[in-house]
Amino acid sequence: ITIIESDCTATDAEMIFSHCGYYELAEEKKVNLINLSKEPTLTYEGYRLPKALFSNHVLINIPKIKTMDLTVVSCSLKNLFGLIPSRHRAKYHKRISDTIVDLNRVFRSDLIVVDGLIGMEGDGPLWGRPVGMVVVVAGDNPVVVDSVICNIIGVNPQDIYHIMMAADAGLGQTDIHSINLLGERLENVRRSFALPSTIPLRRKLRYQMVEHSEMAVLRQAVGILRWLRRKKYSRDTRFRNLVSQKE
């Protein structure tokens, strides 16, 4: 048994392993811990992916229930985005839905167990709010599981682009009435989540997702900053002398 994790924006996998007691668990249960962001990679269908993923294995996908700015809903489908090492991940944010579908097509989850004990709503993954749910959802199809999760948190799965792309690619169905559900009734665990707001420009810059229509404003802002910096340094006699010498 190997537990795999990857570095994220806020921290690295080793800190998560330590904080959550995984090192002690791994020693007690004789299992391996792997940080995929530190593993050797290969190129497969245009993606840089850890070589460790291509050995024979059973993949158990254990996501959390949360909302986030890039995909609105993040659960079992989106969880596989973390298979890409953090150093290669940023360039795929522009086409994150396509990337999610591609990864789920290559790596099929044999079992999905959604940890919904505590979820996250609002502007995740960094500024979301914890939500006590006390629910566990399990299944063997990520599109079906994510559609059930959407129903629980008050979201129409057909409004979530990467879920519909995955369904259109034949990876599963989204019709809640066609899904065979066992266990607790959905209405007994349903709780509408606050959804993320629009993505601020500063986060688009971080994710390299600036739209073409925003470039003019961005160039103007950069021009103003350069002017302010030049004005600031122009008060310095050494800077004025340097400029005059160049001219």
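So, here's what we can say about the structure. Starting afresh in each chain, residues are numbered from 1 along the sequence in its written order. Note on the predicted model: pLDDT of at least 70 is required for a residue's local features to be given, and 80 or more for side-chain atom pairs to be given and counted; whole-chain, interface and lining totals, by contrast, use all residues. To obtain the side-chain values, all non-hydrogen atoms of the structure were included, while hydrogens and water were left out.

In terms of regular secondary structure, the protein is built from eleven helices and nine strands. Each residue is assigned to one of three classes by its accessible area relative to the maximum for its type, calculated with a 1.4 Å probe on protein chains only: buried under 20%, partly exposed between the two thresholds, exposed over 50%. Counting only residues that meet the buried cut, the protein has 39% of its 247 residues in that class. The long-range share in the protein, meaning contacts at least 24 apart out of those at least 6 apart in sequence, stands at 64%. Strands here mean DSSP runs of E at least two residues long; helices mean DSSP runs of H or I at least four residues long; both are numbered from the N terminus. Only heavy atoms enter the contact rule, under which two residues are in contact if any of them lie within 4.5 Å.

Quick look at unusual backbone geometry now. With the exception of glycine, the majority of residues adopt a negative phi angle, and the majority of peptide bonds are in the trans configuration. In this structure, the amide linkage connecting glycine 124 to the following residue, proline 125, adopts the cis form with an omega of 5°. With respect to the helices and strands, proline 125 occurs in the loop between strand S8 (111-123) and strand S9 (127-139). One non-glycine residue with positive phi stands out, namely lysine 30, at about 60°. Structurally, lysine 30 can be placed in the loop between helix H2 (22-29) and strand S2 (32-35).

This part is about the pairing of S8. Examined bridge by bridge, strand S5 (residues 60-61) and S8 share two bridges and lie parallel to one another. Paired with asparagine 61 across the bridge in S8 is isoleucine 112. By the convention used here, strands pair only if DSSP detects at least 2 bridges between them. When strand S6 (residues 64-68) meets S8, the two strands line up parallel, connected through two bridges. Across the sheet, the residue bridging to lysine 66 is methionine 120, located in S8. When S8 meets S9, the two strands line up antiparallel, connected through eleven bridges. The residue of S9 that forms the bridge with isoleucine 118 is glycine 132. Counted between consecutive antiparallel strands, the loop separating S8 from S9 contains three residues.

Right, let's get into the packing of helix H5 (residues 96-106) against helix H7 (residues 161-168). Running from amino to carboxyl end, H5 crosses H7 at an angle of 45°, the nearest separation of the two axes being 9 Å. Here H5 lies oblique to H7, going by the angle between them. H5 and H7 meet at a crossing whose hand is right-handed. Listed contacts from H7 to Ser97, Asp98, Ile100 and Val101 of H5 are Tyr161, His162, Met165 and Ala166. Side-chain classes are defined by residue name, with Ala, Val, Leu, Ile, Met, Phe, Trp, Tyr, Cys and Pro counting as nonpolar, Asp, Glu, Lys and Arg as charged, and the others, Gly among them, as polar. Its residues assigned to classes, the contact of H5 with H7 shows five nonpolar, two polar and one charged. In this description, a line fitted to the C-alpha atoms serves as the axis of each element, helices being fitted only across the stretch in contact, and the angle between N-to-C directions of two axes falls anywhere from 0 to 180 degrees. Any angle from 65 to 115 degrees is called roughly perpendicular, while one under 35 is roughly parallel, one over 145 is roughly antiparallel, and all others are oblique. Left-handed describes a crossing in which the near helix is turned anticlockwise from the far one by less than a right angle; the clockwise case is right-handed.

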